[in-house]
Amino acid sequence: MSTPAILVENVTVHYGEVLALDSASLSLDAARICGLIGMNGSGKSTLFKVIMGMIKPDAGRVLIGGQSPSRARKEGGIGYVPQSEDVDWQFPLSVRDVVMMGRYGHQGFTRRPSKADRAAVDEALDRVELGEYAGRQIGQLSGGQKKRAFVARGIAQGATMMLLDEPFAGVDKRSEATITRLLRELATDGCTILISTHDLHALPELCDEAVLLMRRVLMHGAPELVLQPENLAMAFGLDVLNRPLPEPGTHGGHKHHTASADAASAENRG
Ligand SMILES: Nc1ncnc2c1ncn2[C@@H]1O[C@H](COP(=O)(O)OP(=O)(O)O)[C@@H](O)[C@H]1O
Ligand SMILES: [Mg+2]
């Protein structure tokens, strides 16, 4: 048996009194795209953070290709697209600076970018179709462009694993299509991808497999299986059985309407 790309074993995480993950277990093979679904508060972001090594579990363990998350991160193997709430969009960084962060592991401790670093950044920006926005402050982009900038950071990094926390929330259709196509290309090149989304309609096209999370992994299997109403009901509550799936593009579950989401939908119309 080969070593799983991601192994999460009986991981429990508390924030004070709040139990965010309760003996969650997950094993993911390399070069697969796995969709992570679960209602708000089900522990999706926490799961990403323990896989990244940003949060230490109270119990259980995480192994990335057989090694610790901190080691895997040091080796530059993990690309991370955080949920928008976890990013300080006012930070004075240009799009190019954000993507260059992916090259830190390749640079000496002076952090002076080499020709190869610049070339990798330019190439990544082209792949996400953001070349012309390279000089913009990161907060000045639309929702979809911001996500693409972080995907470019992972590409420039040469990540063998990409963790994307709700990359389609508040995002225009063009960005969603671009990101979906890129993820497919990355997986074909051997990259392992874990992606949380509320867009259940897009799941079968987006993913090879899907995981239902509710503090623990309730189910892990083919997207079609996980999407069966009785399985969704376990994770989202029984009323899902009496409710049609959200219309494509509405990103069911997101009540917040942000300036960037408005910009993104304007972009979508235009
Ligand atoms: N920094 C934090 N401090 C306290 N509670 C938190 C923190 N982050 C998340 N939580 C709580 O942990 C639970 C899981 O949160 P989270 O992992 O963000 O879920 P999801 O991403 O699925 O919405 C929720 O009840 C949330 O309120
Ligand atoms: Mg979250």
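What counts, and where the lines are drawn
Note on numbering: residues in each chain are counted from 1, in written sequence order. Chains and ligands are labelled sequentially in the order written, the chains with letters from A and the ligands with numbers from 1. Residue-level local features of this predicted model are given only where pLDDT is at least 70; pairs of side-chain atoms are given and counted only at 80 or more, and the full residue set underlies all totals for whole chains, interfaces and linings. Secondary structure elements are defined from DSSP: runs of H or I of at least 4 residues count as helices, runs of E of at least 2 residues count as strands, and each element is numbered from the N terminus. Strand pairing is assigned whenever DSSP identifies at least 2 bridges connecting the two strands. In this description, a line fitted to the C-alpha atoms serves as the axis of each element, helices being fitted only across the stretch in contact, and the angle between N-to-C directions of two axes falls anywhere from 0 to 180 degrees. By the criterion used throughout, residues are in contact when their C-beta atoms, derived from the backbone, lie within 7 Å. A helix is expected to span 1.5 Å multiplied by its residue count minus one. Residue proximity rests on one test: whether the C-beta atom, placed from the backbone, lies within 6 Å of the molecule or strand. Polarity classes work like this: nonpolar for Ala, Val, Leu, Ile, Met, Phe, Trp, Tyr, Cys and Pro, charged for Asp, Glu, Lys and Arg, and polar for all others, with Gly in that last group. Each residue gets a pLDDT score, which is the predictor's confidence in that residue and runs from 0 to 100. For classification purposes, an angle smaller than 35 degrees is called roughly parallel, one larger than 145 roughly antiparallel, one from 65 to 115 roughly perpendicular, and anything else oblique. Left-handed describes a crossing whose near helix is turned anticlockwise from the far helix by less than a right angle; the clockwise case is right-handed.

(A) Unusual backbone geometry, seen in detail. The phi dihedral of serine 23 falls on the positive side, at around 55°, and the residue is not glycine. Considering the arrangement of structural elements, one finds serine 23 in strand E2 (residues 18–28). Unusually for a residue other than glycine, glutamate 166 sits at a positive phi of about 50°. For glutamate 166, the location among the structural elements is in the loop between strand E6 (161–165) and helix H6 (173–188).

(B) Quick peek at the sheet that holds strand E4 (residues 59–64). One open sheet accounts for three strands, arranged E2-E1-E4; its pairing is antiparallel. Of all the strands in the sheet, the pair left with one neighbour each is E2 and E4. Taken over all neighbouring pairs, the strand axes of this sheet differ in orientation by 20° on average, direction set aside. Taken strand by strand, helix H1 (residues 44–52) contacts strand E1 (6–15), E2 and E4, and its axis lies near 120° from that of E1.

(C) Molecular detail of helix H5 (residues 143–157). With 15 residues, H5 extends 22 Å between its outermost C-alpha atoms, agreeing within 8% with the 21 Å of an ideal straight helix rising 1.5 Å per residue. In the segment just after H5, glycine 158 is the residue with positive phi, at about 70°.

(D) Fine view of the site of ligand 1. Tyr15, Val18, Ala20, Gly38, Asn40, Gly41, Ser42, Gly43, Lys44, Ser45 and Thr46 make up every residue found near ligand 1. For the shell around ligand 1, the elements supplying multiple residues, two or more each, are E2 and H1. Among the elements that line the shell around ligand 1, the one with the most residues is H1, at three residues. The residue inventory of the shell around ligand 1, partitioned by class, reads three nonpolar, seven polar and one charged.

(E) Layout of the sheet that holds strand E8 (residues 209–214). The strand order across the open sheet formed by six strands is E5-E6-E7-E3-E8-E9, and the pairing between neighbours is mixed. The open sheet has two free edges, formed respectively by strand E5 (78–81) and strand E9 (216–221), since each of these has just one partner strand. Adjacent strand axes in the sheet meet at a mean angle of 15°, parallel and antiparallel pairs treated alike. Judged from the four bridges that link them, strand E3 (residues 33–37) and E8 form a sheet pairing that is parallel. When the bridges of E8 are listed, glycine 35 appears paired with alanine 210. Sheet strands touched by H6: E3, E6 and strand E7 (192–196). Its angle to E7, the strand with the most contacts, is close to 150°. Each of E3, E8 and E9 touches helix H9 (residues 229–236); the most contacted strand, E8, lies at about 35° to it.

(F) Spotlight on the confidence of the model for the chain. Taken residue by residue, the chain gives an average pLDDT of 89. The fraction at 70 or more is 87%. Predicted confidence is poor over residues 249–270, with pLDDT under 50, and the contacts of this stretch with residues over four places away or in other chains come to 34 contacts.

(G) How the structure looks around the packing of H5 against H6. The interhelical angle for the contact between H5 and H6, taken along N-to-C directions, is 20°, at an axis separation of 9 Å. In terms of orientation, H5 and H6 fall into the roughly parallel class. Seen along the crossing, H5 lies across H6 with a hand that is left-handed. Between H5, through Gly144, Gln145, Lys147, Arg148 and Val151, and H6, the contact on the second element is made entirely by Arg174, Ser175, Thr178, Ile179 and Leu182. Looking at side-chain class alone, the contact of H5 with H6 contains three nonpolar, four polar and three charged residues.

(H) Up close: the environment of leucine 130. Mapped onto the secondary structure, leucine 130 falls in the loop between helix H4 (115–127) and H5. The spacing of leucine 130 and glutamine 145 is 15 residues in sequence and 7.4 Å in space, taken between C-alpha atoms. Not counting chain neighbours up to four residues away, the residues in contact with leucine 130 comprise Val95, Leu125, Gln145, Arg148, Ala149 and Ala152.

(I) Region of interest: the packing of H4 against H5. Across the interface, H4 lies against H5 with an axial gap of 8 Å and an inter-helix angle of 135°. The angle between H4 and H5 places the two elements in the oblique class. Our pair here, H4 against H5, has a crossing hand that is right-handed. Touching Ala120, Val121, Ala124, Leu125 and Arg127 of H4 are Ala152, Ile155 and Ala156, all from H5. In terms of residue class, the contact of H4 with H5 is built from seven nonpolar, no polar and one charged.

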